[in-house]
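Structural overview
Below are the chains, spelled out letter by letter.
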Amino acid sequence: CAILRVFLIPYSRLTYNVKAERFREQGDRPYLILYNHQTPFDQFFVGMSFIKNPVYYMATEDIFSLGWVSDVIRWLVAPIPIKKQTTDIQAVKNCIKVAREGGAICLAPEGNRTFHGKTVYINPAIASLAKKLALPIAFFRIEGGYGIHPRWSDVIRGGTMRSYVSRVMEPEEFAHMTKEQLAGIIEQELFVDEGKVTGEYPHPKNAEFLERAMYVCPWCGLTAFESRDDLIRCKKCGREVRHLPTKELEGIDEPFPHRFVADWYDWQNDYI
């Protein structure tokens, strides 16, 4: 809507330094827009690319816990609520109604933002919804969002990010596919790996609140951490790790066994 463009688009660009590429092939037809989830403002990046027709967003309870941002989202786009990790029959019915009326439907199949930079679990039920709607699927990729605003952090870093339609899949392409085949393609198209060096994202508080995601120390096991500025410290053994602008981890006084949060996070999951 016009209000979204006038106020939120400039705010998003200034805050996240995002290059949202306009989807010039949109035309007048509706789409099922699927995007990977990295920041609280992802839905606005979609709106910056799809500007011709209104987009109806499916939203889990996460999007309704963002304070004033949630109020703005409700007012501007009246999102379709959906229960997380369940088959929400009413939400499916609402989507079918919107599609029949010519509306575009948008959702993040992950449901949750990534803690470590890699696209997380995608519920395969999204393939069933896509086949029921029989709309062209626009795969919308968001890159750089984890580096600029990790889920575990309260601060937005420097750096750049990009959002764009990477592929459009026509209904004829998946009409005869099994749900499993289509689910596999959706996972493939939306997978983004930012658990590695993808640029520099500087901020003096790069490590603050990393303890929201980490609770296993490679040296002493289950523990509690405390963070300050670009350092995170194990309360049990006292060892410290620095989070660099490149997203790399650097041990203080001795080498740290994991190069990135993604490596540490995967090891932690195996540990428990």
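The structure under discussion appears in the preceding block.
Presented here is a report on the structure given in the accompanying data block.

1. Let's talk about helix 4 (residues 89-100)
Each turn of an α-helix holds 3.6 residues, which means side chains three or four residues apart point in the same direction. In this model helix 4 runs 17 Å from its N-terminal to its C-terminal C-alpha over twelve residues, within 8% of the 16 Å that 1.5 Å per residue would give. Taken as a whole, helix 4 has its buried residues at Ala91, Cys95, Val98 and Ala99. Looking down the long axis of helix 4, one finds its buried residues gathered within 100° of arc, a one-sided arrangement. Away from its buried face, by an angle of more than 90 degrees, helix 4 presents the exposed residues Ile89, Lys93, Lys97 and Arg100. At the C-terminal side of helix 4, glycine 102 shows a positive phi close to 90°.

2. Examining the pattern of salt bridges
Scanning the entire structure with this criterion turns up twelve salt bridges. Salt-bridge contacts for aspartate 266 lead to lysine 118; the nearest nitrogen and oxygen are separated by 3.6 Å. Of this pair, aspartate 266 sits in helix 9 (residues 261-271) while lysine 118 sits in the loop between strand 5 (104-107) and helix 5 (125-133), and the two are 148 residues apart along the sequence. On the basis of relative accessibility, which here comes to 22%, the residue lysine 118 falls in the partly exposed class. Glutamate 189 serves as the salt-bridge partner of arginine 167, at 3.0 Å between the closest nitrogen and oxygen. Note that arginine 167 is positioned in strand 7 (residues 161-169) and glutamate 189 in helix 8 (residues 179-190), a separation of 22 residues in sequence.

3. Comments concerning the packing of aromatic side chains
Within the structure shown, the criterion is met by 13 aromatic pairs. Each ring, one from tyrosine 16 and one from phenylalanine 45, has its centre 5.7 Å from the other, and the planes form 80°; the classification is edge-to-face. Within this pair, whereas tyrosine 16 is found in helix 1 (residues 2-16), its partner phenylalanine 45 is found in helix 2 (residues 42-49), the two being separated by 29 residues in sequence. Taken individually, tyrosine 16 and phenylalanine 45 each receive the classification buried, so the pair is uniform in this respect. Aromatic side chains phenylalanine 23 and tyrosine 31 sit 5.5 Å apart centroid to centroid with 75° between the ring planes, which places their arrangement in the edge-to-face category. Given a relative accessible area of 7%, phenylalanine 23 falls into the buried group. Here the basic side chain of arginine 162 rests over the ring of tyrosine 164, its NZ or CZ set 3.6 Å away from the ring centre. We note arginine 212 situated over the ring of phenylalanine 209; from NZ or CZ to the ring centre the distance is 4.0 Å.

4. As for helix 2
Burial analysis of helix 2 places eight of its eight residues in the buried class, the great majority of the element. Here helix 2 has its buried residues at Asp42, Gln43, Phe44, Phe45, Val46, Gly47, Met48 and Ser49.

5. Concerning the sheet that holds strand 11 (residues 231-234)
Here four strands make up an open sheet; going across it, the order is 10-11-12-13 and the pairing antiparallel. The two strands at the open ends of the sheet, each matched to only one other strand, are strand 10 (225-228) and strand 13 (249-251). The mean inter-strand angle of the sheet, taken between neighbouring strand axes irrespective of direction, is 25°. Two elements, strand 10 and strand 11, share four bridges in a ladder whose sense is antiparallel. Bridged to phenylalanine 225 within strand 11 is cysteine 234.

How each quantity is defined
Residue indices follow the written sequence of each chain, beginning from 1 at its first position. Per-residue local features are limited, in this predicted model, to residues with pLDDT of at least 70; the limit for side-chain atom pairs, both in listing and counting, is 80 or more; totals at the level of whole chains, interfaces and linings are taken over all residues. The basis for every side-chain value is the complete set of heavy atoms in the structure, and neither hydrogens nor water enter the calculation. Helix and strand labels come from DSSP, where a helix needs a run of H or I of at least four residues and a strand needs a run of E of at least two; each type is numbered from the N terminus. Working rule for helices: expected span equals 1.5 Å times residues minus one. Using a 1.4 Å probe on the protein chains alone, a residue whose accessible area is under 20% of its type maximum counts as buried, one over 50% counts as exposed, and one in between counts as partly exposed. In this context, the arc is that of the directions from the helix axis out to the C-beta atoms. Take a side-chain nitrogen of Lys or Arg and a carboxyl oxygen of Asp or Glu: if they are within 4 Å of each other, that pair is a salt bridge. Centres within 6.5 Å are what make two rings of Phe, Tyr or Trp a pair, Trp counting through its six-membered ring; a difference in plane orientation under 30 degrees is then read as stacked, over 60 as edge-to-face, and the rest as tilted. Whether a charge sits over a ring depends on NZ of Lys or CZ of Arg being within 6 Å of the ring centre and within 35 degrees of the ring normal. Two strands qualify as a pair provided DSSP detects at least 2 bridges between them. For helices, the fitted line uses only the C-alpha atoms of the stretch in contact; every axis is such a line through C-alpha atoms, and the angle between N-to-C directions lies from 0 to 180 degrees.

No statement about biological role is implied by the geometric values presented.
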